[in-house]
Structures are given as structure tokens and as C-alpha cells.
Amino acid sequence: MNPTTCPNPPAGPTDIDGDLAPPPWAQAWVADSPVTHTTIDGAQLTLRETPSAALLTARWSDFASLPRAAATQAAEALYLAIAAALPGTGASITGRNGAMISSYSSPIGEAGRGLASLSRTVVDVPVLGEVRRPVRFWNHIPGIHHPMGDGMDRYMAFNAGRFAGFSRWLGSPSTFPQSVATASGIGHFGADLIIHVLASRHAGVAVHNPRQTSPMAYSQRFGPRPPCFARATLLPETGLLLIGGTASIRGEESTHAGDLAGQLQETFANLDALIHHAGEMAGHPTPTAGAGAGAGAGLASIHDLRVYHPRREDAPLIRHALAQVIPAATSVQFVHADLCRRELLVEIEGLAQLRTRSQRSSGTRG
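Residues numbered from 1 in each chain as written. Predicted model: local features only at pLDDT ≥ 70, side-chain atom pairs only at ≥ 80, totals over all residues. Heavy atoms only, no water.

J.: Explain the packing of aromatic side chains to me, please; I cannot follow it from the model alone.
T.: Each pair of aromatic rings is reported with the distance of its centres and the angle of its planes. Following the criterion strictly, the structure yields twelve aromatic pairs and no others. Arranged with centres 6.5 Å apart and planes meeting at 75 degrees, the rings of Phe-137 and Trp-169 form a pair that is edge-to-face. Pair noted here: Phe-137 is in strand β6 (residues 133-142) and Trp-169 is in helix α4 (residues 154-170), with a separation of 32 residues, a long-range link. A single burial state applies to Phe-137 and to Trp-169, both of which are buried. Between the aromatic rings of Phe-163 and Phe-176, the centroid separation amounts to 5.7 Å while the plane-to-plane angle is 75 degrees, which identifies the pairing as edge-to-face. Of this pair, Phe-163 sits in helix α4 while Phe-176 sits in helix α5 (residues 176-179), and the two are 13 residues apart along the sequence. On the basis of relative accessible area, Phe-163 is assigned to the buried category, the value being 11%. With relative accessibility at 0%, the residue Phe-176 sits in the buried group. Ring-pair connections join several aromatic residues into one group, and the members of that group are Tyr-79, Phe-137, Tyr-155, Phe-158, Phe-163, Phe-166, Trp-169 and Phe-176. Above the ring of Phe-334, the side-chain terminus of Arg-319 is found at 4.6 Å from the ring centroid. (Phe/Tyr/Trp six-rings, centres within 6.5 Å; stacked < 30°, edge-to-face > 60°. Helix = DSSP H or I, 4+ residues; strand = E, 2+ residues; numbered from the N terminus. Buried < 20%, exposed > 50% of the residue type's maximum accessible area, 1.4 Å probe, protein only. Lys NZ or Arg CZ within 6 Å of the ring centre and 35° of its normal.)

Right, dumping it as C-alpha cells:
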């Protein structure tokens, strides 16, 4: 069947409409749950949670106005605020003396203002306890390609802040390949930095793509600090694979510059290899095209897709390609957005259902 384009998801867990909201499947994880709002030194947090999952949105207003150093500090502070908000049963953040720090805000228009006290506060609270474990991030970065000086753009400044935030949250960067969840990093045309985090009671497993260099190992051609994300997160108990933003990148190099059809084929090959590798980790590998199973055999396990594309006129060709290669997808959402690299023309994320070891032995399907 042909893929369908989902309408803009309704206002819900994040109070953000349309293309800046999390995908509908992520919102469904916390449907009809209570919402908590908290503001801390310019970081605005909105949390909805159920006994098994939480969806947190963190926003830094007018991020696009910040110079490079302040933008990096703001991204770090926002990740630290996320770390502080997730462990408990709400978005309240407490210091060592037990006092709740909420509804406290400060101006952020000047470089560095409102950042130092947040960083001191967040380091005093527990990070990532047993209740909420991040399994998926969405990073919406305003003016992602905006030049910030010294050959850096805003995405590189954001990556430096994310790296610093994760370093304080998770410890040594050497642990990132195993401890950091999958993510998408997408531009948008507003002014705020918006980060959505889906967290689960159960930890996920980071999955990397054998066709691609781990983002944490990228060379400094892509910025002084690497982008920190896994290519996918596997939830072993259910066999659900949360696939991060995937594009036409082989190793660390973009491929098929200016060729949308070529980029689509490379992206499909990356998705197929990623699903196959995750299947091996889950104990039930999916045959790859190279194993004689036909083109993109692993892609049949995908059932939800979100497609980012910077050129509106490319949507019909992308839609046609998806109908040919991933016809079983039951939900496809198109989002017009700039991608992390100017030369990339399409990025695809989604969900795939794998079979676990227990399902394989019992003969049941995931």
C-alpha cells in the first residue's frame, strides 16, 4: 500500500504543534497523562509521564540570538536540566538541602547570563536514576547552518554544548557509545532550541551501524566536539527498535551530493544494515540484501516513519521511493526542515519491530 502522510500531530504532551512536536507514536506513549511545567534559569521544561514512560520537552527561548559561546553554554545547561528532571516522578528539581527549585527564570539575552547558576544547581541533584532512562532524543535547532565564526555553524556550537552536558551527566566520554540514546538533529525556522526526550522505565541498548562511523568518533572536520548519539536504540524486552535520523552517510562522509535518488538508496541501505545489526543483537538477525533476501529485506520491519527534507519539491519523489521500498509502513510523516549537513537532501527516522530471543524460541512474533 502507499504510505500515508500523517497530519500535524495535535497539541499534547509538549504544547508544541506541528513539525516541532515529537512524532505521534511518541506522544501516544504518554497519552492522557498529567502535565508538569517548570522553568529553571531560562530552561522551560514540560513533562508528561505514565508508570512506564515519560516525554519531556526542554526549551531555551531565543537560542538563535545567542553568540557561539553562550549558545554552547545554553545547550549544555538544557541537557543538564533534562538530566535533573528525569529521575523523579515529576519535573521538580531539588538541591542538596531538599528545597524545590521551580518557576525560577532569568534573562538570557546576554552571553552567559542565567547559565552559571543553572549549571551549579543541576550538578547538585541526582542524575538518571532507575525510574526514567532516555531512549530517544529529538533536537530542533534554529538556523542550524547559521555561521558562528571560526568555520563553525550553530549545529557545531550545539554539539559542543551537548557533549559538555553529557560529560557532566554520564561521566567519561568513553562511555558515550554504550550510554547515549539515539537522536535526530534537525533545523527549524524559529528562534528557540527545543529538545524532546522519550524515557522509559527500562534501559535501551545503543545500536551502531556497521556501514557508518559512530558519530562520537567523527573527525574534527565536523566540529571541535562530535555529535553524541547512537544510530538506534533497541528495547530488548519488546524488540522495538527506535531508529534515529538516518541519511546518506557512509563512514563519516556524505555521499551522492546533489543526487536525491542516490541519497535515498544510500539511506535505505543504511536503514537495512542498521536493522540487520539490531536483529543480531536481539538474537534474530534479519536477512540483508547481500545475503540474497532481496533488496532491503530488513526494511519490512519498519512500521512508522518520519521524513525530513529541506526542499519541498522533493516530497513526491521521496514519497514514491518509500512506497516502493518500505510499502508496509503504516504511518509516514513528512517534515520540511534543514538537515545537519547542507549537502544532505533527505533524512529518515522511525520504528521497527524485531523479534527477541524469547519470541524466536516460542515461535511468537514481535
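After that view of the structure, there is still more to cover.
J.: Just checking my understanding: could you explain the sheet that holds strand β12 (residues 232-235) for this structure?
T.: On the basis of which strands lie adjacent, the open sheet formed by six strands has the order β11-β12-β13-β18-β16-β17 and mixed pairing. Whereas interior strands pair on both sides, the edge strands pair on one side only; in this sheet they are β11 (205-207) and β17 (331-336). Pairwise comparison of adjacent strand axes, ignoring direction, gives a mean angle of 15 degrees for this sheet. Sheet topology places strand β16 (residues 302-309) next to β17; six bridges connect them, and they run parallel. (Pairing = 2+ DSSP bridges. Axes fitted to C-alpha atoms, helices over the stretch in contact; angles between N-to-C directions.)

J.: Is there a simple way to think about the nonpolar core in this case?
T.: Generally speaking, a soluble globular protein has its nonpolar side chains buried in company with each other. The biggest cluster of nonpolar side chains holds 65 residues, and the ones touching the most others in it are Trp-60, Phe-137, Leu-193 and Ile-195. The dominant element in this core, judged by the number of residues it contributes, is helix α2 (residues 68-85), at eleven residues. For Phe-137, the residues in contact, after removing those within four places along its chain, are Tyr-79, Phe-166, Trp-169, Ala-181, Thr-182, Ala-183, Ser-184, Ile-195, His-196 and Val-197. Grouped together as the second largest cluster of nonpolar side chains are 30 residues, Ile-243, Ile-275, Leu-299 and Ala-352 included. (Core = buried A, V, L, I, M, F, W, Y, C linked by side-chain atoms within 4.5 Å. Contact = heavy atoms within 4.5 Å.)

J.: Looking at this structure, I do not really get the packing of α2 against α4. What am I missing?
T.: To characterise two packed helices, one gives the angle between the axes of the helices and the distance between these axes. Put simply, α2 and α4 touch, their axes get as near as 7 Å, and they point 35 degrees apart. Where α2 crosses over α4, the two elements pack in a sense that is right-handed. Facing Arg-68, Thr-72, Ala-75, Glu-76, Tyr-79, Leu-80, Ile-82 and Ala-83 of α2, the residues of α4 in contact are Ala-157, Phe-158, Ala-160, Gly-161, Arg-162, Ala-164, Gly-165, Phe-166, Arg-168 and Trp-169. Its residues assigned to classes, the contact of α2 with α4 shows eleven nonpolar, three polar and four charged. (Left-handed = near helix turned anticlockwise from the far one by under 90°. Nonpolar A, V, L, I, M, F, W, Y, C, P; charged D, E, K, R; others polar.)

J.: In this structure, what is going on with α4? I would like to understand it.
T.: What sets the pattern is the α-helix's 3.6 residues per turn: residues three or four places apart point alike. Over its 17 residues, α4 runs 24 Å from end to end, which matches the ideal 24 Å to within 8%, given 1.5 Å per residue. At the N-terminal boundary of α4, the capping side chain belongs to Asp-153, with an oxygen 3.2 Å from the backbone nitrogen of Tyr-155. The first or second residue beyond α4 is Gly-171, which carries a positive phi of 100 degrees. (Expected span 1.5 Å × (residues − 1). Polar contact = N/O pair within 3.5 Å; in protein donor to acceptor, adjacent residues only side chain to side chain.)

J.: In this structure, what is going on with the side chain of Thr-246? I would like to understand it.
T.: Turning to its location among the elements, Thr-246 is positioned in strand β13 (residues 240-246). A distance of 2.9 Å separates the side chain of Thr-246 from the backbone oxygen of Gly-244, its partner in a polar contact. Beyond its immediate chain neighbours, meaning those up to four positions away, Thr-246 contacts Thr-267, Asn-270, Leu-271, Val-346, Glu-347 and Ile-348.

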